[in-house]
Amino acid sequence: MTTLAIALQPTLELTDEQFEEICRHNRDLRLERSARGELIIMPPTGGETGRRNLKLGTRLCLWNEQTGLGEAFDSSTGFKLPNGAIRAPDAAWVRRDRWQALTPQQREKFIPLCPDFAIELRSPTDELEDVRAKMCEYQDNGLQLGWLIDPQTRTVEIYRAQQDPELLINPATLSGENLLPGFSLDLSGILTSSLESE
């Protein structure tokens, strides 16, 4: 099962409100909207990907709770990027000042900004080039730091603002660098399957 993109334009232009309504009535689907107005339907993840996603989100959330430097978000959160796309990273983080600058109404809807930090975890159904394109889209829309984690190849691509991606092969940990001070992501159980990590 692969990601499906349905081209709606020029026949139909999907507004934010219409997209939100589609998401509300199809809660079992993972949906995004591209900058070109395509409706993107992604299959549910398998067990290993779901397990890894939870580890990523939990570790980011625990660090954020200790530091209070911003807000962490899970894969169900939609971000409306400056280019008009609505994307949902597997895990994301926004600096506290940027979050606090949003109105209560903006916080309730798709967040109208690009996260400062985002993680995409490649699942077996993801085409690598599609996930890379998504990371570049975040980078082009203001992302400061991002990680594309690929358990299939045991690699991590690090995306930084206005820099070419850096490839790491089978790293043990990842650093949050200056953006997420003190955050070190232990990749045990993320780059390996649950059988390997036992």
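Residues numbered from 1 in each chain as written. Predicted model: local features only at pLDDT ≥ 70, side-chain atom pairs only at ≥ 80, totals over all residues. Heavy atoms only, no water.

Q: Just checking my understanding: could you explain the overall build of the chain for this structure?
A: The number of helices and strands found in the chain is 5 helices and 13 strands. Across the 198 residues of the chain, 45% fall into the buried class. Look at the contacts in the chain between residues 6 or more apart in sequence, and 57% of them connect residues 24 or more apart. Summed over its atoms, the accessible surface of the chain is roughly 10,400 Å², and 51% of this surface lies on carbon and sulfur atoms. (Helix = DSSP H or I, 4+ residues; strand = E, 2+ residues; numbered from the N terminus. Buried < 20%, exposed > 50% of the residue type's maximum accessible area, 1.4 Å probe, protein only. Contact = heavy atoms within 4.5 Å. Areas by Shrake-Rupley, 256 points an atom, 1.4 Å probe, with all protein chains shown as cover.)

Q: Explain the nonpolar core here, please?
A: Nonpolar side chains tend toward joint burial in soluble globular proteins. Phe117, Trp147, Ile149, Leu174, Leu185 and Leu187 are the most contacted members of the largest nonpolar core, which has 21 residues in total. Secondary-structure elements contributing two or more residues to this core are helix H2 (47–67), strand S7 (91–95), strand S8 (117–121), strand S9 (145–150) and strand S10 (155–160). Sequence-distant contacts of Ile149, that is, excluding residues within four places in its chain, are made with Leu56, Ile119, Glu120, Leu121, Arg122, Thr155, Val156, Leu174, Leu185, Leu187, Ile190 and Leu191. By size, the runner-up hydrophobic cluster in this structure holds 19 residues, among which are Phe79, Val131, Tyr138 and Leu143. (Core = buried A, V, L, I, M, F, W, Y, C linked by side-chain atoms within 4.5 Å.)

Q: Any chance you could explain the pairing of strand S2 (residues 30–33) here in plain terms?
A: The side chains of a regular strand alternate between the sheet's two faces. In terms of strand pairing, S2 meets strand S3 (residues 39–42) through 4 bridges, oriented antiparallel. Residue pairing for S3: Arg33 is matched across the bridge by Leu39. Counting the residues that bridge the hairpin from S2 to S3 gives 5 residues, and of these Gly37 lies at a positive phi of roughly 90 degrees. (Pairing = 2+ DSSP bridges.)

Q: Quick question: what am I supposed to make of the side chain of Glu20 here?
A: Along the polypeptide, Glu20 turns up in helix H1 (residues 16–25). In this structure, Glu20 is in contact with Lys109 and Phe110, ignoring residues within four places of it in sequence.

Q: Hey, could you run me through the pattern of salt bridges in this one?
A: A side chain with one charge may pair with a side chain of the opposite charge, provided their charged atoms come close. Counted by the stated rule, this structure contains 19 salt bridges. Where Asp116 meets Arg98, a salt bridge forms, and the shortest distance between an N and an O atom there is 3.0 Å. Pair noted here: Asp116 is in the loop between helix H4 (104–108) and S8 and Arg98 is in helix H3 (residues 96–100), with a separation of 18 residues, a long-range link. Residue Asp116 is classed as buried on the basis of its relative accessible area, which comes to 2%. (Salt bridge = Lys/Arg side-chain N within 4 Å of Asp/Glu carboxyl O.)

Q: Honestly, the side chain of Gln139 in this entry has me stumped. Any pointers?
A: Within the fold, Gln139 resides in helix H5 (residues 128–140). With residues near it in sequence (within four places) discarded, Gln139 still touches Tyr159, Arg160, Ala161, Gln162 and Gln163.

Q: How should the packing of aromatic side chains be read in this particular structure?
A: Tallied over the full model, the rule gives 7 aromatic pairs. Ring centres 5.4 Å apart and planes at 40 degrees place the aromatic pair Phe19 and Phe110 in the tilted group. Placement of Phe19 in helix H1 and of Phe110 in the loop between H4 and S8 is noted, with a sequence separation of 91 residues between them. For the pair Trp147 and Phe183, a centre-to-centre distance of 6.0 Å together with 15 degrees between the ring planes defines the contact as stacked. Of this pair, Trp147 sits in strand S9 while Phe183 sits in the loop between strand S12 (173–175) and strand S13 (184–186), and the two are 36 residues apart along the sequence. Considered together, Trp147 and Phe183 belong to a single accessibility category, that of buried residues. Among the aromatic residues, ring-to-ring pairing joins Trp63, Trp93, Phe117, Trp147 and Phe183 into one connected group. (Phe/Tyr/Trp six-rings, centres within 6.5 Å; stacked < 30°, edge-to-face > 60°.)

Read these as geometric descriptors, not functional statements.
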